[in-house]
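Below, each chain spelled out in residue letters.
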Amino acid sequence: METGDDRRLKLEGFRASGVDPYPHDFPDRTEISTVRTQHDSLEAGAETSDTCRIAGRLTARREMGKQAFLDLRDGTGKLQAQARVDELGQDEFDSIVSLDLGDILGVEGTIFVSKRGELSVRVTSWTLLAKSLRPPPEKHHGLTDTETRYRRRELDLIANDESRDLFRLRAKTVTGVRAYLDQAGFVEVETPILQPLYGGALARPFTTHHNSLDRDLYLRIATELYLKRLVVGGIDRVYELGRDFRNEGISMKHNPEFTMVEWYEAYSDYDDQARRLEELVSGVARDVLGTTEVERDGKKIDLAPPWRRVTLRDAIREESGIDVMEHPSRDELAAAMGGEVDPTAGWGKLVDELLSKQVEPKLIEPTFITDYPVELSPFAKNHRSEEGLVERWEAFIGGMEIANAFSELNDPDEQRRRFEQQAEEIERGDDEAQPHDEAFLEALEAGMPPTGGVGLGIDRLVMILSGATSLREVLLFPAMRD
C-alpha cells in the first residue's frame, strides 16, 4: 500500500536528479476544454499535426507495455495523454509512469484520437509542476463521507465533478443577481463589517475588541441601517452583496456566516419589491439553469411570476387553527399554543414560532407571507389599513425562507418608539432584540423618502437552484464542530 513516505522518497529522487518538483509556472498552456472544443469533430483513429500544451492533475494511469495512458484534469475538463517509450526514451518514460495519482504535471504533444474514439495528446515532453505528498481520495470516498467533504473541501472538489459544478452554479447565481440589480440602476456599495453597534435584524451578534481604539465592536448582522442612511444621502437605488454574521445555532438552513444581498429603492413599497424579487429570482434561474423550473424532494417548482400571496394571520390559522389576532397578549397566545413555551419569548416571538414550525415547512411553491405584527418588525412601516400590522413580507420556496422585505419605516419618532419597545424585549431577556441606534435616528430625522427594501439569502437561493438539501452543501467551508 502506498504511503506518504513513498511519495516523499520520489520527491527527493526528483530533487537529487536536478528536477525542481515545484516550478514557478507553465507558460503557453491551453485549457483542456479549449482543446476539446477545437477538435470535437475528429473521428476515431484520426491523426493530426496540431500541438498543444496542457496541464492538470493526474487522476488515472493505465500502463500497457511500452506505452501508458494518463488522465489529466484541469479546472475545465479531462484529457487523456499517451506516453510512449519510442517518443520519450526509456528514462523519461519510466519517470512519467512513476508519477503518483494526484501529481500535477504539464505535457506537450500532438493531438490524435484513439481507435476507441478518445481525444488524446501524444506526449513529446512533460514537466512535473507539483508533487502531491498525499494520495487523493478514492473516487467514491468524497461522494459518501460528508464529514470529509465539508471539512476538506479541496478533496471533495478533486474527487467530485458534482461539487465543482455546484460551486460554478453558485458563482453564476451571484453574477446573475448583480447583473439584474446593476441593469435596474442600483449602485453597489460596501458598508462596515466591523460596527460600533449591530442592527438591522433580530439576531445575536459576534463581539470582538479593537485594541487601538480600546472598544468592543460587532460583526454586522445585516447591512440595512447603513444602506438606508445612503438612501437618506440621495442614493435612491442601492445594494450590497456580502457576508453577514449571526451568533446562532448551526442547522441544515443556518450557518453563523452567510451571504446576503440587501437592496433599497426610494419611492417604492413592499408590493413593488415583491414584483422585483419575482423578476430577479426567475431571471437568475433562466440564466443559470435555462429554465424557471427546479426540482426539490421529487417535486417540480416553477419560479416564474406571479407567486402566491397569503397573510401571516391566514397562513397560521390555516395550518394551526390558531388566530393570533384573537390572542393579543403573550399569555393568551401561549395558552392557545399549549405545552411549554420559552418564558423569555414575547408575543411576537411566539407568533414567529408558529410560523416557523407550523407553516414554513409546507410552503413549497414560491409564496409571499405578508403583513406581520409590528412586534416582529421594528424597521417596517405601519400597515396602511390593518391596525397592529406592518407592511412586510417574507418569501418562501421549498419549505424555507429565502427573502425578507419591508415598506421601510421612515418616521423618526415612530422609529424611536420602536427602539424603546425593543429595549423592553432586551430587559425581558431577549438577546436578539434590536438595540437603540441614535445615529440611525439622526439620519431619519434628516428625511428618508418612502422606500422599499429587500434582503435575499444567496446561500438559500443557491440551495433552491441546485436542489441541495443542506446549507453546508453550498458553502465551500461551512462552520463545523470540532
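Right above here is the structure, for reference.
Residues numbered from 1 in each chain as written. Predicted model: local features only at pLDDT ≥ 70, side-chain atom pairs only at ≥ 80, totals over all residues. Heavy atoms only, no water.

Colleague: Can you lay out the overall build of the chain for me, pointing to particular residues and giving the numbers?
Modeller: Secondary structure assignment for the chain yields 17 helices and 18 strands. Sorting the 482 residues of the chain into buried and exposed places 48% on the buried side. As presented, the chain carries roughly 23,100 Å² of accessible surface, and 47% of it is formed by carbon and sulfur atoms. One finds the centroid of the 62 positive side-chain charges in the chain at a distance of 5 Å from the centroid of its 93 negative side-chain charges. (Helix = DSSP H or I, 4+ residues; strand = E, 2+ residues; numbered from the N terminus. Buried < 20%, exposed > 50% of the residue type's maximum accessible area, 1.4 Å probe, protein only. Areas by Shrake-Rupley, 256 points an atom, 1.4 Å probe, with all protein chains shown as cover. Lys, Arg positive; Asp, Glu negative; His and termini not counted. Charge placed at Lys NZ, Arg CZ, Asp CG, Glu CD.)

Colleague: Outline empty space enclosed by the protein, supporting the account with residue identities and numerical values.
Modeller: Under the counting rule described, the total for this entry stands at one cavity of 30 Å³ or more. Looking at the largest cavity, the residues that line it are Leu312, Arg313, Val324, Met325, Asp371, Pro373 and Leu389. Every element with two or more residues in the lining of the largest cavity is listed here: α11 (312-320) and β15 (367-373). (1 Å grid on protein atoms, 1.4 Å probe; cavity = no way out; pocket = protein on both sides within 12 Å on 5 of 7 lines; lining within 4 Å. Points joined across faces, edges and corners; volume = space filled by probe spheres on them.)

Colleague: How would you sum up the packing of helix α9 (residues 224-232) against helix α15 (residues 438-445)? Please name residues and give values.
Modeller: Packing of α9 against α15 brings their axes to within 9 Å, and their N-to-C directions diverge by 25°. Our classification of the angle between α9 and α15 gives roughly parallel. Like other packed secondary-structure pairs, α9 and α15 cross with a definite hand, here left-handed. Here Leu225, Lys228, Arg229 and Val232 of α9 lie close against α15, whose contacting residues are Ala439, Phe440 and Ala443. (Axes fitted to C-alpha atoms, helices over the stretch in contact; angles between N-to-C directions. Parallel < 35°, antiparallel > 145°, perpendicular 65-115°, else oblique. Left-handed = near helix turned anticlockwise from the far one by under 90°. Contact = heavy atoms within 4.5 Å.)

Colleague: Before we move on, could you go through the sheet that holds strand β2 (residues 67-74) and cite the residues and values that matter?
Modeller: Strand-to-strand pairing in sheets goes through backbone hydrogen bonds, with the strands running parallel or antiparallel. Overall, mixed pairing links the five strands, which are arranged β1-β2-β3-β5-β4 in a closed barrel. This sheet shows a mean twist of 55° between the axes of neighbouring strands, independent of strand direction. In this structure, strand β1 (residues 47-64) lies alongside β2, joined through seven bridges in antiparallel fashion. Directly across from Met64, in β2, lies its bridge partner Gln67. (Pairing = 2+ DSSP bridges.)

Colleague: So, the sheet that holds strand β11 (residues 257-266): which residues are in play, and what are the values?
Modeller: Strand order in this open sheet of eight strands is β6-β10-β11-β18-β17-β16-β15-β14, and the pairing throughout is mixed. Across the chains shown, the open sheet's two edge strands, defined by having one partner strand only, are β6 (187-188) and β14 (308-311). Examined bridge by bridge, β14 and β15 share four bridges and lie parallel to one another. By the bridge assignment, Arg309 is partnered in β15 with Phe368. Lying on the sheet, α11 is in contact with β14 and β15; it crosses β14 at an angle near 85°.

Colleague: Tell me about the side chain of Thr292, and please be specific about residues and values.
Modeller: Here Thr292 is to be found in the loop between α10 (270-289) and β12 (293-296). At 2.8 Å, the side chain of Thr292 forms a polar contact with the side chain of Asp302. Apart from the residues lying within four places of it in its own chain, the contact partners of Thr292 are Ser282, Ala285, Arg286, Ile301, Asp302, Leu303 and Ala304. (Polar contact = N/O pair within 3.5 Å; in protein donor to acceptor, adjacent residues only side chain to side chain.)

Colleague: So what about the nonpolar core? Which residues, and what values?
Modeller: Within the largest apolar cluster, 45 residues are counted, with the highest numbers of intra-cluster contacts made by Trp263, Leu277 and Trp393. Once you skip the residues sitting within four places of it in the chain, Trp393 turns out to touch Tyr270, Gln273, Ala274, Leu277, Phe368, Ile369, Thr370, Tyr372, Ala403, Asn404, Ala405 and Val454. By size, the runner-up hydrophobic cluster in this structure holds 37 residues, among which are Val189, Ala315, Ile316 and Met448. (Core = buried A, V, L, I, M, F, W, Y, C linked by side-chain atoms within 4.5 Å.)

Colleague: Lay out the pattern of salt bridges in plain terms, naming residues and giving numbers.
Modeller: A complete count under the given rule lists 45 salt bridges for this structure. With a shortest N-O distance of 3.4 Å, Glu12 and Arg15 are connected by a salt bridge. Of this pair, Glu12 and Arg15 both sit in helix α1 (residues 4-16), three residues apart, which is roughly one turn of the helix. Owing to a relative accessible area of 42%, Glu12 belongs among the partly exposed residues under this scheme. Accessibility expressed as a relative area gives 41% for Arg15, which makes it partly exposed. Residue Asp244 pairs with Arg220 through a salt bridge whose shortest N-O separation is 3.2 Å. In this pair, Asp244 is assigned in strand β10 (residues 237-245) and Arg220 in the loop between β9 (215-219) and α9, connecting sequence segments 24 residues apart. Residue class for Asp244 comes out buried when judged on its relative accessible area of 1%. The structure contains a network of salt bridges with shared partners spanning Lys10, Asp100, Asp103 and Lys131. (Salt bridge = Lys/Arg side-chain N within 4 Å of Asp/Glu carboxyl O.)

Colleague: Quick one: what's the story with the environment of Asp103, residue by residue and with numbers?
Modeller: Structurally, Asp103 is set in the loop between α4 (90-97) and β4 (104-113). When the C-alpha positions of Asp103 and Glu427 are compared, they lie 60 Å apart, and in sequence the two are 324 residues distant. With near-sequence residues (within four places) excluded, Asp103 lies in contact with Arg7, Gly56, Arg57, Leu58, Leu128, Ala130, Lys131 and Ser132. In terms of polar contacts, Asp103 uses its side chain to reach the backbone amide nitrogen of Ser132, at 2.9 Å.

Colleague: With reference to specific residues and values, describe unusual backbone geometry.
Modeller: With the exception of glycine, the majority of residues adopt a negative phi angle, and the majority of peptide bonds are in the trans configuration. Looking along the chain, the bond that leaves Pro305 and enters Pro306 is cis, with omega of -5°. Relative to the helices and strands, Pro306 is located in the loop between β13 (299-302) and β14. Of note in the backbone geometry, Asp28 takes a positive phi value of approximately 60° without being a glycine. Structurally, the position occupied by Asp28 is in the loop between α1 and α2 (32-38). Positive phi values are uncommon outside glycine, yet Asp297 reaches one of about 55°.

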